[in-house]
Amino acid sequence: KQWYQRTVREAVVSTQSTGEDMREKNVFDRLAPFLKEFFEGLNGLSDDDLGLDESMKTGFKKEIEDTMWEMYEDVCKKKEECKSKFIGCNCHAHFDKLEKESCRHFPCTVVKFGLDKAANFLRLLRKQTSLKGLIGVATELSWPLMKQACNCNPSLLNTTINCMKDYNGELMEKDDIKDFRAVMKKLNFDELLKFGETMFGGYCGNANGDCLEKFQGIAMNFAAMMDRSCDPESGNYKCDNFRRLSGGIYDFIEFLSEKEEDLTIKMIVREFYNKVPRNFWCKSKKCASGFLSDKFNNNCCFRNAVGNFNEKTIQQLQRFIASIVRASGAKMPKIDNSIRKKIAQSFNPNRACPKKYKEAMKSCDAVQYYLL
């Protein structure tokens, strides 16, 4: 209970004033200066700040490039007698067992991607002046890797987990490896694998990664909505931004402040859901049947993915997180099915207010978009 009460106190301190004072500005007008400062800092980064050097083959400074080539030799070059500083010989053995060649070589593909693309990615990133631009650059450059990963679900995730559990690389001392493995044994990776397989499968859509481009568009739509939210000229009641949520966000902040000592996880989740996600998806029938249906709910990849982000899937993630909390010596607050239901509804308009989306809903081919 202490950790979320502390979080609540920290969230309220910066807005400690009367409700009337807080509401003088749309909450996103308060966020805008921080976003502007972030991009000014990003655009002001030099090559030296980012470890870049155009004269080098990879585009990075010599010490960074040397480490990257060392990693390439470790991950990509097979040796008769394994000696692996970075990922460890056990990890090599796990990947060698995979059936598909592209999956066996995935770690090498990632390293090659870093050698060929990482410097240019950082240069493009620092030029961006909007969240939409940031998301666009990140998703566009990562698309080839993600497409290959989709073809390897769930074996890639399972193998990565095994690499963590059995790590024997040289980046840790032997005593540290022993302690690390002891912690790994306490974590419920079986539940993480179930969660990851379902959600990554939804993100991919199928083994060909047919939903990747769709989710790139969805991510950029959300980012563009946030960009518009920080512009007062976008209007406070438009469907294509979040400014219409300002009142609900202030209501939630006031709720946290007034109820601080008596708060429970259930109260926080319920109030947040009612004031923010439910307002977003359900408050305006015009937005629900128009913009939100066009950009999100009538995207079959989105609808299938959020449909599978249900109480069962959330519980799998919850069990993994609980194992981390227990391993740290702490105790996880009780999260029952009613809380999981609110979390699921927060992402799924068809569960939050199905009647408002039913009329505008287009049919989806369940065969085309399946979970792996």
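Preceding this paragraph is the structure being described.
Draft legend 1. Spatial organisation of the overall build of the protein. Scanning the protein from N- to C-terminus turns up 23 helices and 0 strands. For 372 residues, the compact-globule estimate of 2.2 N^0.38 gives 21 Å, and the protein sits close to it at 23 Å. By principal-axis analysis of the C-alpha atoms, the protein measures approximately 70 × 45 × 45 Å. When burial is assessed residue by residue, the protein has 42% of its 372 residues classed as buried. Put simply, of all contacts in the protein between residues at least 6 apart along the chain, 72% involve residues at least 24 apart. As displayed, the protein has an accessible area near 21,100 Å², and 53% of this comes from carbon and sulfur atoms. Charge-centre separation for the protein: the mean point of 60 positive side chains lies 8 Å from the mean point of 52 negative side chains.

Draft legend 2. Spotlight on the state of the cysteines. Overall, the coordinates contain 9 disulfides when judged by the stated rule. Cys211 shares a disulfide with Cys301; S-S distance 2.0 Å. Taking the sign of the S-S torsion, about -80° here, the bridge from Cys211 to Cys301 comes out left-handed. Placement of the pair is Cys211 in the loop between helix 12 (189-204) and helix 13 (212-229) and Cys301 in helix 19 (residues 300-308), with a sequence separation of 90 residues.

Draft legend 3. Up close: the packing of helix 5 (residues 62-76) against helix 8 (residues 106-126). In contact at an axis separation of 9 Å, helix 5 and helix 8 are set at 160° when each is read in the N-to-C sense. Viewed along their axes, helix 5 and helix 8 adopt a mutual orientation that is roughly antiparallel. Like other packed secondary-structure pairs, helix 5 and helix 8 cross with a definite hand, here left-handed. In this structure, helix 5 uses Met68, Trp69, Met71, Tyr72, Val75 and Cys76 to contact helix 8, whose residues at the interface are Pro107, Cys108, Val111, Lys112, Gly114 and Leu115.

Draft legend 4. Structural context of a negative patch on the surface. Where like charges cluster on the molecular surface, the negative patch consists of Glu173, Asp175, Asp176 and Asp179. Residue position: Asp175 is located in helix 11 (residues 174-186). When its relative accessible area of 59% is taken as the criterion, Asp175 is described as exposed.

Draft legend 5. Main features of empty space enclosed by the protein. Considering all chains together, one arrives at 1 cavity of 30 Å³ or more under this definition. Roughly 50 Å³ of internal volume is contained in the largest cavity. When contributions to the lining of the largest cavity are tallied by element, the ones reaching two or more residues are helix 9 (131-150) and helix 13. Per-element tally for the lining of the largest cavity: the top contributor is helix 9, with 4 residues. Along the lines of polarity and charge, the residues of the lining of the largest cavity split into 4 nonpolar, 3 polar and no charged.

Conventions and cut-offs
- Residues numbered from 1 in each chain as written.
- Predicted model: local features only at pLDDT ≥ 70, side-chain atom pairs only at ≥ 80, totals over all residues.
- Heavy atoms only, no water.
- Helix = DSSP H or I, 4+ residues; strand = E, 2+ residues; numbered from the N terminus.
- Rg over C-alpha atoms; globule rule 2.2 N^0.38 Å.
- Buried < 20%, exposed > 50% of the residue type's maximum accessible area, 1.4 Å probe, protein only.
- Contact = heavy atoms within 4.5 Å.
- Areas by Shrake-Rupley, 256 points an atom, 1.4 Å probe, with all protein chains shown as cover.
- Lys, Arg positive; Asp, Glu negative; His and termini not counted.
- Charge placed at Lys NZ, Arg CZ, Asp CG, Glu CD.
- Disulfide = S-S within 2.5 Å.
- Axes fitted to C-alpha atoms, helices over the stretch in contact; angles between N-to-C directions.
- Parallel < 35°, antiparallel > 145°, perpendicular 65-115°, else oblique.
- Left-handed = near helix turned anticlockwise from the far one by under 90°.
- Patch = residues over 30% accessible without salt bridge, like charges linked within 9 Å, V, L, I, M, F, W, Y side chains within 5 Å.
- Salt bridge = Lys/Arg side-chain N within 4 Å of Asp/Glu carboxyl O.
- 1 Å grid on protein atoms, 1.4 Å probe; cavity = no way out; pocket = protein on both sides within 12 Å on 5 of 7 lines; lining within 4 Å.
- Points joined across faces, edges and corners; volume = space filled by probe spheres on them.
- Nonpolar A, V, L, I, M, F, W, Y, C, P; charged D, E, K, R; others polar.

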